Amino acid sequence: MAKNKTNETESSVTDFINTAENEAKRNDAFELLKIMEQTSGFEPKMWGPSIIGFGSYHYKYASGHEGDAPLAGFSPRTAAISLYLYLPPEEREELLSKLGKHKAAKGCIYVKKLADIDIEILKKMILISIKELQKQYPSN
């Protein structure tokens, strides 16, 4: 079975953000760090080399694959900021329609800059992600 590549590390979140290629991206990343930490109540941790995660849960699929993942997270990537949030299907489209300028894939939401989105909707999405993942994967 393949080993999970994205595990929590002891790397510095601040050092990672400071590697972002431009000042605007770094500033947005530091602002998002504050928003996610305050909203989630969890301390930021690096997951793998490029994801900043908040909280964690342990999952196990029917296939037998299991691992740990952050309850919410983000990465200030070159093209856009990737937001890692779980939104239940019945709420996903409505929340995304209120978020502001973004692109969405199955597991990620991409935003160019924080000024393009509604921060209050983002906070709501962070709380929903945490609540839903904790409900689906309760601690043992």
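In case you missed it, the structure is sitting above this.
Residues numbered from 1 in each chain as written. Predicted model: local features only at pLDDT ≥ 70, side-chain atom pairs only at ≥ 80, totals over all residues. Heavy atoms only, no water.

## Considerations on the nonpolar core
In summary, soluble globular proteins display a tendency toward joint burial of nonpolar side chains. Going by this rule: Definition of nonpolar core: a set of buried residues of the types Ala, Val, Leu, Ile, Met, Phe, Trp, Tyr and Cys, connected through side-chain atoms within 4.5 Å. Burial here depends on accessible area, computed with a 1.4 Å probe over protein chains only, as a share of the maximum for the residue type. Under 20% is buried, over 50% is exposed, and the range in between is partly exposed. Any pair of residues with heavy atoms lying within 4.5 Å of one another is described as a contacting pair.
Core analysis: the biggest nonpolar cluster contains 35 residues, and Ile52, Phe74, Leu83, Leu85, Leu122 and Met125 have the highest contact counts within it. When sequence neighbours within four positions are dropped, the list of residues in contact with leucine 122 reads Leu32, Ile35, Leu83, Leu85, Leu99 and Ile117.

## Looking at the packing of helix α3 (residues 89-99) against helix α4 (residues 119-136)
Defined as follows: Whenever a helix is involved, its axis is fitted only over the stretch in contact; in every case the axis is a line through C-alpha atoms, and angles between N-to-C directions fall within 0 to 180 degrees. Numbering of helices and strands runs from the N terminus, with a helix taken as a DSSP run of H or I at least four residues long and a strand as a DSSP run of E at least two residues long. Relative orientations are named as follows: roughly parallel for angles under 35 degrees, roughly antiparallel for angles over 145 degrees, roughly perpendicular for angles from 65 to 115 degrees, and oblique for any other angle. Crossing handedness: left-handed means the near helix sits turned counterclockwise from the far one by under a right angle, and right-handed means the same turn made clockwise. We call Asp, Glu, Lys and Arg charged. Ala, Val, Leu, Ile, Met, Phe, Trp, Tyr, Cys and Pro are nonpolar, and the rest, Gly among them, are polar.
Across the interface, α3 lies against α4 with an axial gap of 9 Å and an inter-helix angle of 155°. Relative to α4, the element α3 is oriented roughly antiparallel. The crossing of α3 and α4 is left-handed. Contact residues: α3 offers Glu91, Leu95, Leu96, Lys98 and Leu99, while α4 offers Ile121, Leu122, Lys124, Met125 and Ile128. Of the residues assigned to the contact of α3 with α4, the class counts are seven nonpolar, no polar and three charged.

## Some details on the pattern of salt bridges
Using the following cut-off: By convention in these notes, a salt bridge is any Lys or Arg side-chain nitrogen within 4 Å of a carboxyl oxygen on Asp or Glu.
Enumeration over the complete set of coordinates arrives at six salt bridges. Linking lysine 60 and glutamate 66 is a salt bridge whose minimum nitrogen-to-oxygen distance equals 3.9 Å. According to the relative accessible area criterion, lysine 60 is exposed, its value standing at 56%. Of the residues examined, glutamate 66 reaches a relative accessible area of 37% and is grouped as partly exposed.

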